[in-house]
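The chain contents come next:
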Amino acid sequence: MHTDTERCVRAVQSKDSRFDGWFFTAVLTTRIYCRPSCPVVPPKVENMTFYPSAAACQQAGFRACKRCRPDTSPGSPEWNARADVVARAMRLIGDGVVDREGVPGLAARLGYSTRQIERHLLAELGAGPLALARAQRAQTARLLIETTPLPMADVAFAAGFSSVRTFNDTVREVFALSPSELRGRGGQQQRTPGAISLRLPFRAPLNPTNLFGHLAATAVPGVEEWRDGAYRRTLSLPYGHGIATLTPRPDHIGCLLSLTDLRDLTIAISRCRRLLDLDADPVAVDDQLRTDPLLAPLVDKAPGRRVPRTTDAAEFAVRAVLGQQVSTAAARTHAARLVTAHGTPVDDPAGGLTHLFPGPARLAALDPESLALPRSRRTTLTTLVSSLADGSLALGFDSDWERARAQLTALPGFGPWTVEVIAMRALGDPDAFLPTDLGIRRAAAELGLPSTPAAFTARAAAWRPWRAYAVQYLWATDDHPINNLPV
């Protein structure tokens, strides 16, 4: 969008927050860059230039606005709606892969050379992987500076900087303030050791009912819970583990993170945002779905529905198998038994969480006869976890969606419903569709939509590329706990 100057100027002059994260406005006279909705008086048109990313602004010598804090904008919805190499690279950079594995590690995961990855990112975002990762480190550093009492040296290394000097130079360059000055502007600090409180922004509108209702209704005891108006869950992270507490608010999601290692902060934030689908563009989604006269009333009744996703694709795949052809309550029971027997215990002084969900390697070693499942379901589960453990099947937000679908379909016991629900919630495909789902078929019948899967799929072609969101609106017609916030 940043190349459409006229459209960008209109968005800036109207202070349209829907475009925050889509592009950034750099002011040539002040050398400051802003989000489109910055509350200050818009600069003259001839003094504006536009960039596709905060990293590109910083690389061009602009520093972040202290009023609108553009580095805290929601992420571009493009990276969750696309399956090409640039979108997959951005999802991996957001998960901290460049900091942990370097650019060669990023390229290896994507199956490209380092030079090819750099060329693709520079062409579309105006910045290479190192610059994009540096911008993310600066944002993480700002969060730690403003919300914790950590010494600056600890902040530097927790944010991913290789030295305190690099940390100091980057903070001064990006924010035009020293780390100490930035902390002084942050106000009262969080004083809970290892816990960080922050706000997760989103593009309005956001309807929390099916989003949090689904997560709460399907919560695995010990791993997830709904407590005091918040969804809480344990997180398995690269350097340790954590507990996330997510509370829906009118203009943001309250997020409290308790981490055993603060180096996991960036990854934990990224996974919480992905879990709640916070980078989606609800206006674009709803506008497309409203073109169908049968779907329009559902959208108008409760706009802004999101797709509840997951923090761990492998975990969700296991839970999808456990949930095949059984009720929600039975699926929770099966998962809870698995967690109690094989999960890693954790402490949760603030609530009732007890375990991390067991990973594929641990589940691959279990005795199939210990599973209280039909024999065919045991075969499906053990084959899945073995494939995940040995690396022959890789599931994640960076997966190639069609390749992952083909690999899942080749496993025993994986039909269209299981494959598509994994694509929708674990892989993040916004166009995943469940025409055979009982709840969807019931809603379709009530609305007068075709009843057979083939005819229904053909009819739903008009909803592309947002069919996963249409599924949420159709599910919401049913009187089921997943559609309501818990009392």
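Quick note: structure is the one above.
This text gives an overview of the structure that appears in the document. (Residues numbered from 1 in each chain as written. Predicted model: local features only at pLDDT ≥ 70, side-chain atom pairs only at ≥ 80, totals over all residues. Heavy atoms only, no water.)

## Structural notes on the layout of surface pockets
Note the threshold: Buriedness of a pocket was judged along seven lines, with at least five required to meet protein on both sides within 12 Å; pockets are open sets of points on a 1 Å grid over the protein atoms alone, cavities are sets where a 1.4 Å probe fits but cannot get out, and lining residues have an atom within 4 Å of a point. Grid points are joined across faces, edges and corners, and a volume is the space filled by probe spheres set on the points. For the purposes of this entry, the term helix denotes a DSSP run of H or I that reaches at least four residues, the term strand denotes a run of E that reaches at least two, and both are numbered from the N terminus.
Size it by volume and the second largest pocket reaches roughly 1,000 Å³. Forming the walls of the second largest pocket are 42 residues, and the residues nearest its centre are G323, V326, T328, W417 and D437. Those elements that place two or more of their residues in the lining of the second largest pocket are α11 (208-217), α15 (313-322), α16 (328-342), α18 (375-390), α20 (416-425) and α21 (438-447).

## A look at the nonpolar core
The condition that has to hold: Note on terminology: a nonpolar core comprises buried Ala, Val, Leu, Ile, Met, Phe, Trp, Tyr and Cys residues joined through side-chain atoms within 4.5 Å. Burial here depends on accessible area, computed with a 1.4 Å probe over protein chains only, as a share of the maximum for the residue type. Under 20% is buried, over 50% is exposed, and the range in between is partly exposed. Note on definitions: a residue-residue contact is assigned when non-hydrogen atoms from the two residues lie within 4.5 Å.
Ranked by internal contacts, the top residues of the largest apolar core, which has 61 residues, are L289, L384, L395, I422 and W463. The biggest single contributor to this core is α15, with eight residues. Among residues more than four places away in sequence, those in contact with W463 are Q288, L289, D292, L295, F433, L449, F456, A470 and L474. Counting 53 residues, the second largest nonpolar core, distinct from the first, contains A26, F161, V174 and L262.

## Brief notes about the packing of aromatic side chains
What counts, and what does not: Two rings from Phe, Tyr or Trp (for Trp, the six-membered ring) form a pair when their centres are within 6.5 Å of each other. A pair whose planes differ by under 30 degrees is stacked, one over 60 is edge-to-face, and the rest are tilted. Lysine NZ or arginine CZ positioned within 6 Å of the ring centre and within 35 degrees of the ring normal marks a charge as sitting over the ring.
Inspection of every chain in the model, using the stated rule, returns nine aromatic pairs. A centroid spacing of 5.6 Å and a plane angle of 85 degrees characterise the contact between F23 and F50, whose relative ring orientation is edge-to-face. Here F50 lies in strand β3 (residues 48-51) and F23 lies in the loop between α1 (5-13) and β1 (24-27), a separation of 27 residues in the sequence. Across this residue pair, the class does not change: F23 and F50 are buried. Consider the rings of F433 and F456, whose centres lie 5.2 Å apart with planes at 70 degrees: the pair is edge-to-face. Separated by 23 residues along the polypeptide, F433 in the loop between α20 and α21 and F456 in helix α22 (residues 453-459) bring together distant segments of the chain. Since its relative accessible area comes to 1%, F456 is described here as buried. Linked through ring pairs, F433, F456 and W463 together constitute an aromatic cluster. Looking at R31, its charged tip hangs above the ring of F62, at a distance of 3.9 Å from the centre. Cation over ring: R263 sits above Y239, and NZ or CZ is 4.0 Å from the ring centre.

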